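Listed below, chain by chain, are the residues.
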Amino acid sequence: MTPSSLSTRLTLFALLSATTFYFLYKFRRRCLKPLKHLPLNPNPRPGKLFFLSQTGTSKALSQRLLDLLSSKNNIPFDLVDPQTYEPEDLPEESLIIIIASTWEDGNPPQNSKFFVNWLAEISTDFRAGNLLLSDCKFAVFGVGSRLYGDTFNAVARDLGKRLRGLGATEMVPVGEGDVDGGELESVFEGWSEKVVTVLKGGLVMENENGIVYESDVESLESDDDDDGEGGGEDIVDLEDIAGKGPSRKKSVNVAETNGKLDGKREMVTPVIRANLEKQGYKIIGSHSGVKICRWTKSQLRGRGGCYKHSFYGIESHRCMEATPSLACANKCVFCWRHHTNPVGKSWQWKMDDPLEIVNTAIDLHTKMIKQTKGVPGVTQERLMEGLSPRHCALSLVGEPIMYPEINALVDELHRRRISTFLVTNAQFPEKIKMLKPVTQLYVSVDAATKDNLKAIDRPLFGDFWERFIDSLKALKEKHQRTVYRLTLVKGWNTEDVEAYSKLFVLGKPDFVEIKGVTYCGSSATSKLTMENVPWHSDVRAFSEALALKSEGEYEVACEHAHSCCVLLAKTEKFKVNGQWHTWIDYEKFHDLVASGRPFDSEDYMALTPSWAVYGAEEGGFDPDQSRYKKERHHKSKR
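No experiment lies behind these values; they were computed from the predicted model shown.

Cut-offs used in this document
Residues numbered from 1 in each chain as written. Predicted model: local features only at pLDDT ≥ 70, side-chain atom pairs only at ≥ 80, totals over all residues. Heavy atoms only, no water. Buried < 20%, exposed > 50% of the residue type's maximum accessible area, 1.4 Å probe, protein only. Helix = DSSP H or I, 4+ residues; strand = E, 2+ residues; numbered from the N terminus. Pairing = 2+ DSSP bridges. Right-handed = clockwise from strand over helix to strand, strands pointing away. Expected span 1.5 Å × (residues − 1). Contact = heavy atoms within 4.5 Å. Axes fitted to C-alpha atoms, helices over the stretch in contact; angles between N-to-C directions.

### Quick word on the pairing of strand β1 (residues 47-52)
Of all six residues in β1, six are buried, a share of seventy percent or more. Residues G47, L49 and F51 of β1 are buried on one face, and the alternating residues K48, F50 and L52, pointing to the opposite face, are buried as well. In the sheet, β1 pairs with strand β2 (residues 77-80) via four bridges, with the strands oriented parallel. Following the sheet pairing, L49 is matched in β2 by L79. For the crossover that starts at β1, traverses helix α2 (residues 57-73) and ends in the parallel β2, the hand is right-handed. Of the pairings in the sheet, the one linking β1 to strand β3 (residues 95-101) comprises five bridges and is parallel in character.

Structure (structure tokens):
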């Protein structure tokens, strides 16, 4: 080897060494620096309890666990919002607990995207290796919905895998809570107890089948065998637990039963009940609800009725808003309940008697009406009328048509001569076909294209579009009054006039209600703001354009400016001698139902008053009512 070639090789070696040293130095500063200062004490500082929360459920569970750990068991932990935490500090931690929600399409909540992405990237970086978190113990609990199939608790499962891959020791298996399965509370409590057991040194053993705890050993030793016979041979040594112990019938895993308990479970869990009651709902039995509408209170005070008063002649102060199913198959972006109600694809809960539901709903409704006694404007006459409901809006929350006994419930309401306005979200076409005649049947048409419907309604069903189309077609075969209900969301679905008009031929509805979306305040479940709420002039313009597209089949018939709502009606049916007949003869309807003979929507129509007709000076406000405008005093800017 010549001196020059040796010199060249030595130079190259030096450069490579320097480059490698510099690269390792930079990496060590970014990710491995904490390893230099690992303390001898395994718990040098409080553990970290992270909440990955979208709607607040995971945060609430984390706060409950924090109280269990710190206050009741003197195990110090800090509650941490991941968006305020620097992930590069993780190697300094010796104890980590994560309560993680899974949001849309298996993604993490907004407050944790950076945290989750950092873990995903570092766990696949060969430079970090599998010892980065080797001095850390962790536990993960997932909050999700089993109804979303493969993405159920995807975030929690992935976090567990990432942390294990970085060398962290898993204290307990990933817990999986189902917010729509009715077992979230009990599953979380059981998982939390195991976490506390481990942290207090109560772990028994670990084997290839998983980690076994003292509490589990007790249940294993006390349970009967597969034949249900007791005996001394059922006592199992700890050494025999791995695959040799008797079956654990009393400790059935919720995941194995799809969240069910003997095929019966409560739809309304304590968490759901608390959330809905906070919003003013009165819960009936295990799956129904009733709530007094603001328009009911408004007309009790003589201050005007809702748009159904203007369009169809209902008496708002005698209208009961209820539902026999708080569950729904969609998670719409404009949901008034901010997704505090359960969801489901089919009926899988305990079922209450329809007669009991109707009786309780009327009882609770009248109690709420009685509370308005003495309120300014509420006269004795209107109060007494309100105590005898004549209409029922089956559109409160959820999907009423899911209730298996919906026909019996409708029959019971009609027997009491209470009219029925039922709204379905167009995901159960077979249920629509089986439904007996109601006073007016609505189908929510929240978008006119498949992509927009998915974005707005966020349906559970994979074949949601096919179900939607079939629901519209099913409407065409009904003989009672039928309605397409359109909710306009500015920036989402207000440009689809042509596409909406093409849907008319599928269901041939009697009416089309077009309403601007109602802004229900800020929520982690919705991206909507006041910018998405159209003006009444926008709704009018959209309605006129849609009527024009129908080429005379539909015309703009009524409006209710206060509700930002416009009604299209089928010209041939409901415009008689130049006058609209959108109102309902309710007594005639009940007589037709009682007769048992077939009837059509034209058989119980009534003349629409002039003040409710589109373009009238009153804008749909009943002149027999007193318009009330609240004075708003805004603080002047200084």
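And the narrative resumes.
### Some points on α2
With 17 residues, α2 extends 23 Å from end C-alpha to end C-alpha; this agrees with the ideal 24 Å at 1.5 Å per step. Taken together, the buried positions of α2 are occupied by S58, L61, S62, L65, L69 and N73. Next to the buried residues of α2 lie β1, β2, β3, β4 (137-144) and α5 (184-199). Looking at the residues trailing α2, positive phi occurs at N74, about 55°.

### Describing helix α13 (residues 406-415)
What α13 keeps buried is the set I406, L409, V410, E412, L413 and H414. Buried residues in α13 make contact with β11 (319-323), α11 (354-370), β12 (391-394), β13 (419-424) and α20 (586-595). R417 sits one or two positions beyond α13 and adopts a positive phi of about 60°.

### Examining the side chain of H536
Tracing the backbone shows H536 in helix α18 (residues 536-549). Look past the residues within four positions of H536 in its chain and what remains in contact with it is E559, H560, A561, C564, C565 and V566.

### Points about the sheet that holds strand β17 (residues 554-560)
Here we have ten strands laid out as an open sheet, ordered β9-β10-β11-β12-β13-β14-β15-β16-β18-β17, and mixed in their pairing. The sheet is open, and its two edges are formed by β9 (282-284) and β17, each paired on a single side. Along the sheet, successive strands turn relative to each other by an average axial angle of 25°, direction set aside. Pairing geometry for β9 and strand β10 (residues 288-291), over three bridges, is antiparallel. For I283, the partnering residue across the bridge sits in β10 and is G289. Running over the sheet, α11 touches β9, β10 and β11 and is turned about 165° from β9.

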